[in-house]
Amino acid sequence: MAEKLLKEHLYGDLLAPTPGYSTDFALGMTYCLSFEAMLTAHLAFGMLGEMDDNVIQSPHLLLEAITKSSDKVVVFCNKGGIAVPPTIRKVYSLMERNIFEVFDKQNKKANFHPKLWLIREINNDDKKDVLLKLIVTSRNLAYTDTIDCIACLTGKVGGTSIKNEKHQPLLAFIESVIKESNIGEEQKKSVLKLTTDLKRVEQFDVDTPFEDYDFFPYLFDYDFGLGKVANYLVGTESIIVSPFLDKTMVSRLNPENKCNRTLITRKEYVDRSIFDKFCNKGGIYVTLDDLASRGMDLHAKVYHVWNGRNEQYLYLGSANATTSAFERNGEFLLRLKYKYGNTRSAQFLGDFYEKDNSDSKFMPLNEPLENASPVKKWDDAESAMKELMCADDLKARITHHRDGGYSVVVTSSMKRLGNDVYIAPLQKKELLQRWIGRAVFEDMKIDELSEFYILSATSPDGTHHETIVKIETKGMPSDRDQEIYKGIIKTKKDFFHFLELMLTDTPLQYISSEILLKEFGTNGSENEEGVAFPNLYEKMLKIAATNPKQIEEIGRLISKLDNDVVPPVFSKMYKQFVSAIS
């Protein structure tokens, strides 16, 4: 069972629609995210394929992915959880409408840490056939080789509201997350519409060997009526799978008795006191040194709890075996109940470690490391960055000058920090300047403006930190997005290239063909005016029958571009086409 839960997944595989269905809206929650992985989500929801080198080489495909799913995706992440990408692209600014931060205003050390997706899918042939897909995982929205867990439940959306008490904790959790975030009103309505669908799901299907499920959310000081952790995560026997630990929570989950308990973790967090609590019970298992050194370390959070043949549960999700996870952070666990008589403890453990099995990724820990410590402390740089990004009055304002340029002023009453912090707009990292309560950035171009900003700091011991935060920015020009489009679609050839991409059933194959043509020294027809309009018309007819919204997207694209990019003859043909199919 663990082997299935710990299966390696690409994010596109994880989020791709059910065969025969299309993604209508998706809500995601993650501790941290990368823009590259966020693009994978856009590609998956737009059914455009998986992220690879060909995609990276095609700004047109990245733009199409964001355009096609821009109204379909909302992702909540921890404040300061957006990674600075190695290459900064203009299209990343377009994701402002999709990414929203969550943090506890009363406790800046709390983290928003859940990893889940709730996705509405609609049958391609029957619009009344609607599914809700719930994905609970330990994997962040980022590319990683760590060992993670994942479970997926699917439920049918009915015609009327059903009061299922099982779903109430998830509903309350989503509504509470909205309150603690900087989500916009338009996106908030979309998320609440998703909760309305959740109220119309009678039950989610679960696969064998399970027969039932429950939701266990945690968020800052909210009370979701779960009771004490020791009342449901201890059991008569248990297997704790958690990469991060603290002594207090380990003591609660492993009380002083002779019951069999096993710990699966990372060896650098097992000190002598934790080792002694498990060594005479079920023992401790850690990731093989070779895997850990290559970044393939444990990241899954799973709790296997046995209370008898009729009470055996598997909890999985985001919560580590730490006090902060269960008493301070935002977390989410899915509880799956085994069918009666399915005693799975030995099998579950065997999926992690089996003696004399060369495929095992874990090994017994026979002695703790001398320098092992379960305590992780923030350094001065991290604390100063958190203080600034969580300041109540941190705001930015854009000014448009007569010469056509723009300036951005970021201000806050938070002037003195415990460590120097530097700030810059996302698209102008070279402008990093030390924070002194105010930062001014001059000579900005319109397509360099963004609500995303880079924060950077170095601690006294030389440890460097950098992250991206979203700052409320007043005065954003209404045509900023349009200028980003223009920066990518600059010529008639770009326009028709993008149009073909919008109309093709196999965008990645199309991009691959384009790259091959370039490698062999040709781009096809060099005549920008020599476009096969009948062929385009035929493709538009086909897409109008299967995906009429895409025809509307073409109209929106035309409105964003100048006449020297969109030939007047095509604009005329498009108007005639829309009139003919209306």
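Before any of the text, the structure's been laid out above.
Everything numeric here is computed off the predicted structure, so don't read it as measured data.

Describe the pairing of strand β10 (residues 261-265), and please don't skip the residues or the numbers.
Counting buried residues along β10, 5 of its 5 residues qualify, which places the element largely inside the surrounding structure. Where burial is concerned, the two faces of β10 agree: the one with Arg261, Leu263 and Thr265 and the one with Thr262 and Ile264 are both buried. Summarising the sheet, strand β9 (residues 237-241) and β10 pair through 4 bridges and their orientation is parallel. For Ile240, the partnering residue across the bridge sits in β10 and is Leu263. For the segment spanning β9, helix α9 (residues 247-253) and β10, crossover handedness is right-handed. Sheet analysis places β10 next to strand β11 (residues 284-287), joined by 3 bridges and oriented parallel. Counterpart to Leu263 in the pairing with β11 is Ile284.

With reference to specific residues and values, describe the nonpolar core.
Within the largest apolar cluster, 86 residues are counted, with the highest numbers of intra-cluster contacts made by Phe76 and Phe326. For Phe76, the contacting residues outside a window of four places in its chain are Leu27, Gly28, Met29, Thr30, Phe100, Val102, Phe112, Val177, Ile178, Ser181 and Ile183. Leu15, Phe35, Val91 and Ile150 belong to the second-largest nonpolar core, a separate cluster that totals 57 residues.

A description of the environment of Ser93 should follow, citing residues and the corresponding values.
One can find Ser93 in the loop between β2 (73-78) and β3 (99-102). With 388 residues separating them in the primary sequence, Ser93 and Asp481 have C-alpha atoms 8.5 Å apart. Apart from the residues within four sequence positions on either side, Ser93 is in contact with Leu426, Gln427, Leu449, Ser450, Phe452, Arg480 and Ile484.

Account for helix α14 (residues 380-389), naming residues and giving values.
For α14, the complete set of buried residues consists of Ala381, Ala384, Met385, Lys386, Leu388 and Met389. Packing partners of the buried residues in α14 comprise β2, β18 (421-425), β21 (452-458) and β22 (464-470). Near the N-terminus of α14, the side chain that reaches the backbone nitrogen of Ala381, with its oxygen 3.1 Å away, is that of Asp379.

Quick rundown of the side chain of Gln427? Include the residues and the values.
By secondary structure assignment, the location of Gln427 is in the loop between β18 and β19 (433-434). Take Gln427: its relative accessible area is 10%, and that puts it in the buried class. Here Ser93 takes part through its side chain, which lies 3.0 Å from a polar atom of the side chain of Gln427. Filtering out sequence-adjacent residues up to four positions away, Gln427 remains in contact with Ile88, Arg89, Lys90, Ser93, Asp447 and Glu448.

Break down the sheet that holds β18 for me, citing the residues and quoting the values.
One open sheet holds the 4 strands; their spatial order is β19-β18-β21-β22, and the pairing between them is antiparallel. Each edge of the open sheet carries a strand with a single partner, namely β19 and β22. The pairing of β18 with β19 spans 2 bridges and is antiparallel. In the sheet register, Tyr422 faces β19, and the bridge partner there is Arg434.

Before we move on, could you go through the packing of helix α6 (residues 168-179) against helix α7 (residues 185-198) and cite the residues and values that matter?
As a packed pair, α6 and α7 sit with axes 10 Å apart at the nearest point and diverge in direction by 175°. Overall, the two elements α6 and α7 adopt an arrangement that is roughly antiparallel. Here Leu170, Leu171, Ile174 and Ile178 of α6 come into contact with α7, specifically with Lys188, Val191, Leu192, Thr195 and Leu198. Taken together, the residues of the contact of α6 with α7 sort by class into 7 nonpolar, 1 polar and 1 charged.

With reference to specific residues and values, describe the side chain of Thr262.
Inspection of the secondary structure assignment puts Thr262 in strand β10. A polar contact of 3.5 Å, which involves the side chain of Thr262, links it to the backbone oxygen of Gly282. Each residue touching Thr262, except ones within four places of it in the same chain, is listed here: Ser238, Ile239, Ile240, Phe278, Gly282, Gly283, Tyr285 and Leu349.

If you had to explain the environment of Val565 to someone new, which residues and values would you point to?
Take Val565: it is sitting in the loop between α19 (548-560) and α20 (568-581). By relative accessible area, Val565 is classed as buried at 6%. Expressed as a C-alpha distance, the spacing of Val565 and Phe495, which sit 70 residues apart in the sequence, is 6.6 Å. Ignoring sequence-local partners within four residues, the contact set of Val565 consists of Ile489, Lys490, Thr491, Lys492 and Phe495.

Explain the packing of aromatic side chains to me, using residue names and the numbers behind them.
Following the criterion strictly, the structure yields 23 aromatic pairs and no others. When the ring of Tyr313 is compared with that of Tyr315, the centres are 6.3 Å apart and the planes differ by 55°; the resulting orientation is tilted. In this structure Tyr313 comes out as buried when scored by relative accessible area, which is 11%. Residue placement shows Lys105 over the ring face of Phe103; its charged tip is 5.3 Å from the ring centre. The ring of Tyr213 carries the charged tip of Lys166 above its face, separated from the ring centre by 5.7 Å.

Hey, could you go over the sheet that holds strand β23 (residues 473-474) for me, with residue numbers and the actual values?
Strand order across the open sheet formed by 4 strands is β20-β17-β16-β23, with mixed pairing between neighbours. Bordering the open sheet on either side are β20 (438-444) and β23, each of which pairs with just one other strand. Relative to strand β17 (residues 406-411), strand β16 (residues 395-400) is paired through 6 bridges, and the arrangement is antiparallel. When the sheet's bridge partners are listed, Thr399 is paired in β17 with Ser407.

Give a description of the packing of helix α15 (residues 480-488) against α19 that names residues and reports values.
Remark: α15 packs on α19, axes separated minimally by 9 Å, with the N-to-C direction vectors making an angle of 90°. Put simply, α15 runs roughly perpendicular to α19. Within the contact between the two elements, α15 uses Gln482, Tyr485 and Lys486 and α19 uses Leu557, Ser559 and Lys560. Class assignment of the residues belonging to the contact of α15 with α19 gives a composition of 2 nonpolar, 2 polar and 2 charged.

Go over α15 with me, naming the residues and quoting the values.
Listed as buried for α15 are Arg480, Asp481, Ile484, Tyr485 and Ile488. Down the axis of α15, the smallest arc covering the buried residues is 145°, so these residues share one side.

Tell me what's going on with the pattern of salt bridges, and back it up with residues and numbers.
For the coordinates displayed, the defined rule picks out 31 salt bridges. The partner of Asp129 in a salt bridge is Lys156, with the nearest N and O atoms 2.6 Å apart. Taken together, the residues span a long stretch of sequence, with Asp129 in the loop between β4 (116-123) and β5 (130-137) and Lys156 in strand β6 (residues 150-157) at a distance of 27 residues. For Lys156, a relative accessible area of 48% gives the class partly exposed. Taking the shortest distance from any N to any O, the salt bridge between Asp214 and Arg335 comes out at 3.0 Å. One end of the pair, Asp214, is in strand β8 (residues 210-219); the other, Arg335, is in strand β14 (residues 330-338), and 121 residues separate them in sequence. Exposure remark for Asp214: the relative accessible area of 18% places this residue in the buried category. For Arg335, a relative accessible area of 16% gives the class buried.

What counts, and at which threshold
Residues numbered from 1 in each chain as written. Predicted model: local features only at pLDDT ≥ 70, side-chain atom pairs only at ≥ 80, totals over all residues. Heavy atoms only, no water. Buried < 20%, exposed > 50% of the residue type's maximum accessible area, 1.4 Å probe, protein only. Helix = DSSP H or I, 4+ residues; strand = E, 2+ residues; numbered from the N terminus. Pairing = 2+ DSSP bridges. Right-handed = clockwise from strand over helix to strand, strands pointing away. Core = buried A, V, L, I, M, F, W, Y, C linked by side-chain atoms within 4.5 Å. Contact = heavy atoms within 4.5 Å. Polar contact = N/O pair within 3.5 Å; in protein donor to acceptor, adjacent residues only side chain to side chain. Axes fitted to C-alpha atoms, helices over the stretch in contact; angles between N-to-C directions. Parallel < 35°, antiparallel > 145°, perpendicular 65-115°, else oblique. Nonpolar A, V, L, I, M, F, W, Y, C, P; charged D, E, K, R; others polar. Phe/Tyr/Trp six-rings, centres within 6.5 Å; stacked < 30°, edge-to-face > 60°. Lys NZ or Arg CZ within 6 Å of the ring centre and 35° of its normal. Arc of directions from axis to C-beta. Salt bridge = Lys/Arg side-chain N within 4 Å of Asp/Glu carboxyl O.

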